[in-house]
Amino acid sequence: MAAVAEGLEPEEGVATAEDAAEPADAGRGASPLPAGNRLSLDLYPRGCHRLLRLCAQRSPQLLQVEFLQLSAHEDPQLLGAALAQVPHSLPCLRSLVITGGQHRDTLGACLRGSLTTLPPGLSGLARLAHLDLSFNSLQRLPACVLQLRALDALLLSHNHLSELPEALGALPALTFLSATHNHLRTLPPGLGALSALQRLDLSENLLDTLPPEIGSLYNLTELNLASNRLHSLPASLAGLRSLRLLVLHSNALTSVPATLARLPLLARLDLRDNQLRAVPPELLDAPFVRLQGNPLGEAPPALPSPPGTPVLPEMPRLFLTSDLDSFPVTPRGCSVALACGVRLYFPAGATAAPMTVQYRLWLPEPRLVPLGPHDALLSAVLELQPHGVAFQQDVGLWLLCVPPRARRCREVVVRTQDSGSWRDLETHLEEEAPSRLWAHCQVPHFSWFLVVLRPVSNSCLVPPEGTLLCSSGHPGIKVTFPPGATEQPCCVCMQVVRVASRELRALVGEPGAATSPLLCLSQSGPPGFLRPVTVQLPLPPGVTGLSLDRTCLHLLYRAPPAATWDDVTAQVGLELTHLYARFQVTHFSWYWLWYTAKTCVGGLARKAWERLRLHRVNLLALQRRRDPEQVLLQCLPHSKVGGWARGGGAGQGHPGPSGQDQAGALQVDATLKRLLERYRGPEPSDTVELFEGEEFFAAFERGIEVDAERPDCVQGRVCFVFYSHLRNVKEVYVTTTRDRQAQAVRGQVSFYRGSVPAEVPEEAAAARQKKGADTLWLATLPLKLPRLRGTRGTGQGPGAGLSLAPLNLGDAESGFLTPSNLLSVAGRLGPDWPAVALHLGLPYSELQRIQHRHRDDLDGQIRHMLFSWAERQVGQPGAVGLLLQALEQSDRRDVAEEVRAILELGRHKYQDGIRRTGLAAAPASPEPAQA
């Protein structure tokens, strides 16, 4: 509703003593006129005083005003006097907004307004349909509100209301009522008389019961009761026949009525994070019901304690924002939801004494991500400290991960580090939505955690008496352990990777070539067995034991870390049946059965092994339409899964059209169509091939370079790690030393394999390598920085006319912003700077002064605003967080991410400096992962 109002000279004799206190350049004596039928005074300093002045002038334009906004951060007496004039001066008013929250404290929290009541005369607003009193200090609802018979929407969020009046039901036209974040303990029965009510939001209160009359709201479509203390629900909820959305998460519900399943229009029922141990079958199988975070199927609670037994307080629940990196845990236990997509459940007694848990989400990198040859990463890396502290009861951990694109013969597991090695935990999946998948496991102590997609794994404990291990992915694969194979019980693990024959034949160039599934066997304990172990593999498709040519059958063996495949057919003595081949081994590794007339089978297997793990991708480089200096770099998987895994798609690495390739092309086209609304650029690169977890980097060339320091930028090269299921996207800002006032700069960005070398190949050298099989060069995409025009191209430099005073926002330990960093941020904002300024708390009058002082210089306006604000924040805590929040609220998350990268780099440098001076020990880190 914000509107820019023109200034008007007051009538003689209207000015008061307060006028003399207004700055001369703020337009002293000027009062805003309505813009159409709107009057927005919440952006003006002393808006109530201006409203009084307009009422004293008896301007005829006030008779047309239907929408009025006032700030509640005013003197209470002045605010009351201004509101008392509203019924007489604005008789056509339909919407009245009196809210706080525009100002923040030193920690960045929104401040409530001073409004505690309303003048009785407001009951005369016969046409008022919308009243917003949010973010104020109301302890009870003003009596005049109950007489507004035309009121359609009433917003009372973020106040101190402990109850709602019984007479609230006398508002016949009310369709929307919001009273979130108050102190409501009960609801009046008269609430059921609101027959027109359609949306009711009472979340974040202290409600423990609901009146039965709530079932009389037969027009209600949305009901939000989240984050209260409800233990049960009235059966009368079955009367809400129009209900579409019912939100009840984060309560203490132990049961729900089965009649909820019979509500005819209900499309979503959110019951997460309650105490439900049993749910009616009608709701348990309903697709619109959300039940995560409930102890379903667990034992009921213990019987009530005898009289006189002290009652333990209920388990606390914590909902942490991204600004926090730790939380307390007591022997009572707690339930924790982190903003980074992590949930933790500490049962009572999990810790013997109070402790503080620290958490951090790491960006994936090879050092932190232990992936097998056919694994795929589905999440970032979570670190929970203190490491190694054992819990008396297992702690529940839920990690939000990317749903895999194909799951046939593959499974999702949580992987953790334990005693210096990585192991997979027993994992259960909870699918909250098509794009939200939770991986749930139990952990005995804290370390690093990540979610991995791997081939289906089968394991067993082999006793000295022997046993049989079968594959659940392919029942024909078996391993037989004879008695005496081991002296002590050892754990054996089996994984099977299926291989499609069509792509194999194209690689080998032989129509009759075929292979068995790829088998991986591993064991704990001693490297070998005391007696030979029998392995059974199915014969390759199309081959039977009665008709095959034994000279074409080859058993290949691979022992990591070697990348070669050895033909061990002669050493093991294959035993053939009609469908299977059996052989005996004394230690485990990878096994693969080939049927081909080729002689160099090991070389073919190595190529096929690599193709199984390759992903086809396209590289993008797009420039923001409103700011070409912002470049988006993205690595987009071309097909849904890598390799020739059956059920996962056509062979990546095999050129030529296929249904899967066409689907991948459609995926690339859809992503481009979505991005081109904000970005422009060339066509995506030709398809290139990358391994899961492979490193590569982007190098800007021909006069273009990265504009700011980043943790992922080494020697001006932006580093990447490719993970097929994660978003491989980075937004960077580029600059040039060339004169853009004279002409545009035409450069390029090239992508190279591996980590950043000491010297990146020259462009000519890269061109000569393009045809090589093992070339480092991947692709090159053109970029263009357009010619600067007007004041942006004066050649005086970005800081011309601006004194960069020595100021730093933040601190060295948590990261700080220097004047150079602020200058870089100023260069990103462009026309969005007024929105950022308002979210930073600058008054509208100051924005007008800045725009007037730098009328023809957009850069000057931005720099003056940002640096004048920063100078007032020196020494104030929370300034950096306030800037980040203002950028995000202004829809400039790209600049916010750039600021976070600067802060992260500063923290790394500070910690490295502390370690170099010997003031702190180097932090523990996991062992380098084996690819």
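Residues numbered from 1 in each chain as written. Predicted model: local features only at pLDDT ≥ 70, side-chain atom pairs only at ≥ 80, totals over all residues. Heavy atoms only, no water.

Novice: Describe the packing of helix H12 (residues 858-873) against helix H13 (residues 879-889), with residues and values.
Specialist: Running from N to C, H12 and H13 cross one another at 150°; their axes reach a closest spacing of 10 Å. Listed contacts from H13 to Leu866, Trp869 and Gln873 of H12 are Ala879, Leu882 and Leu883. Classifying every residue of the contact of H12 with H13 gives five nonpolar, one polar and no charged. (Axes fitted to C-alpha atoms, helices over the stretch in contact; angles between N-to-C directions. Helix = DSSP H or I, 4+ residues; strand = E, 2+ residues; numbered from the N terminus. Contact = heavy atoms within 4.5 Å. Nonpolar A, V, L, I, M, F, W, Y, C, P; charged D, E, K, R; others polar.)

Novice: Let's hear about the sheet that holds strand S34 (residues 575-576): which residues, and what values?
Specialist: Read from one edge of the open sheet, five strands run S26-S27-S31-S35-S34, paired in antiparallel fashion. Edge positions in the sheet fall to strand S26 (467-470) and S34, since each of these pairs with one other strand and no more. Pairing between S34 and strand S35 (residues 580-585): two bridges, direction antiparallel. What sits directly across from Glu575, in S35, is Arg582. (Pairing = 2+ DSSP bridges.)

Novice: I'd like to hear about a positive patch on the surface, residue by residue, with values.
Specialist: Taken together, the side chains of Arg625, Arg680, Arg746 and Lys784 present a region of like positive charge at the surface. Tracing the chain through its elements places Arg625 in the loop between strand S37 (614-624) and strand S38 (630-637). We classify Arg625 as partly exposed; its relative accessible area is 40%. (Patch = residues over 30% accessible without salt bridge, like charges linked within 9 Å, V, L, I, M, F, W, Y side chains within 5 Å. Areas by Shrake-Rupley, 256 points an atom, 1.4 Å probe, with all protein chains shown as cover. Salt bridge = Lys/Arg side-chain N within 4 Å of Asp/Glu carboxyl O. Lys, Arg positive; Asp, Glu negative; His and termini not counted. Charge placed at Lys NZ, Arg CZ, Asp CG, Glu CD. Buried < 20%, exposed > 50% of the residue type's maximum accessible area, 1.4 Å probe, protein only.)

Novice: Break down the sheet that holds strand S3 (residues 95-99) for me, with residues and values.
Specialist: The eleven strands are arranged S1-S2-S3-S4-S5-S6-S7-S8-S9-S10-S11 in an open sheet whose pairing can be described as parallel. What marks the edges here is a single partner per strand, and that holds for strand S1 (38-40) and strand S11 (289-290). For strand S6 (residues 176-178) and strand S7 (residues 199-201), the ladder comprises three bridges, and the chain directions are parallel. By the bridge assignment for S7, Phe176 is matched with Arg199. Of the strands in this sheet, S1 and strand S2 (67-71) touch helix H1 (residues 47-57), which is tilted by about 140° from S2.

Novice: For helix H11 (residues 844-853), give the residues involved together with the corresponding values.
Specialist: Considered for burial, the residues of H11 that qualify are Tyr844, Ser845, Glu846, Leu847 and Ile850. Where H11 is buried, its residues contact helix H10 (833-839) and H12.

Novice: With reference to specific residues and values, describe H13.
Specialist: Those residues of H13 that sit buried are Ala879, Val880, Leu882, Leu883, Leu884, Ala886 and Leu887. Of the residues trailing H13, Asp891 is marked for its positive phi of about 65°.

Novice: Can you lay out the packing of aromatic side chains for me, pointing to particular residues and giving the numbers?
Specialist: Under the counting rule described, the total for this entry stands at 17 aromatic pairs. Measuring from ring centre to ring centre gives 6.2 Å for Phe481 and Phe588, while their planes differ by 70°; the resulting arrangement is edge-to-face. With Phe481 in strand S27 (residues 478-481) and Phe588 in the loop between S35 and strand S36 (590-595), the pair connects residues that are 107 residues apart, well separated along the chain. Here Phe481 falls in the buried class, since its relative accessible area comes to 2%. Taken together, the ring pairs connect Phe327, Phe346, Tyr359, Phe391 and Phe446 into an aromatic cluster. When the ring centre of Phe176 is taken as origin, the NZ or CZ atom of Arg199, which lies over that ring, is 4.1 Å away. A cation over an aromatic ring shows up here: Arg343 above the ring of Trp438, its NZ or CZ 4.0 Å from the ring centre. (Phe/Tyr/Trp six-rings, centres within 6.5 Å; stacked < 30°, edge-to-face > 60°. Lys NZ or Arg CZ within 6 Å of the ring centre and 35° of its normal.)

Novice: Talk me through unusual backbone geometry; I want residue IDs and the actual numbers.
Specialist: Most peptide bonds are trans, and most residues other than glycine sit at a negative phi. Note that the residue after Gln385, namely Pro386, is joined by a cis bond; omega there is 10°. Summarising the element assignment, Pro386 is placed in the loop between strand S18 (381-385) and strand S19 (395-401). One non-glycine residue, Phe135, lies in positive phi territory at about 55°. With respect to the helices and strands, Phe135 occurs in the loop between strand S4 (130-132) and strand S5 (153-155). With phi around 60°, Glu204 is a residue other than glycine that occupies positive phi space. Taking relative accessible area as the criterion, Glu204 reaches 34% and is therefore assigned partly exposed.

Novice: Can you explain the pattern of salt bridges? Please cite residues and give values.
Specialist: Under the criterion given, the structure shown has 16 salt bridges. When the shortest N-O distance is used, the salt bridge between Glu846 and Arg872 registers 3.5 Å. In this pair, Glu846 sits in helix H11 while Arg872 sits in helix H12, placing the two residues 26 residues apart along the sequence. Among the residues examined, Arg872 registers a relative accessible area of 44% and is labelled partly exposed. Salt bridges sharing common partners tie together Asp375, Glu411, Arg415, Asp424 and Arg454.

Novice: Would you mind going over the nonpolar core in detail, with residue names and values included?
Specialist: Grouped together as the largest cluster of nonpolar side chains are 77 residues, with contacts concentrated most on Leu68, Leu156, Leu223 and Leu269. For this core, the secondary-structure elements that each account for two or more residues are H1, S2, helix H2 (76-89) and S3. (Core = buried A, V, L, I, M, F, W, Y, C linked by side-chain atoms within 4.5 Å.)

Novice: Lay out the packing of H1 against H2 in plain terms, naming residues and giving numbers.
Specialist: In contact at an axis separation of 9 Å, H1 and H2 are set at 35° when each is read in the N-to-C sense. For the pair H1 and H2, the sense of crossing is left-handed. Contact residues: H1 offers Cys48, His49, Leu51, Leu52 and Cys55, while H2 offers Leu78, Leu79, Ala81, Ala82, Gln85, Val86 and Ser89. Taken together, the residues that form the contact of H1 with H2 break down as nine nonpolar, three polar and no charged. (Left-handed = near helix turned anticlockwise from the far one by under 90°.)

Geometry only, nothing functional implied.
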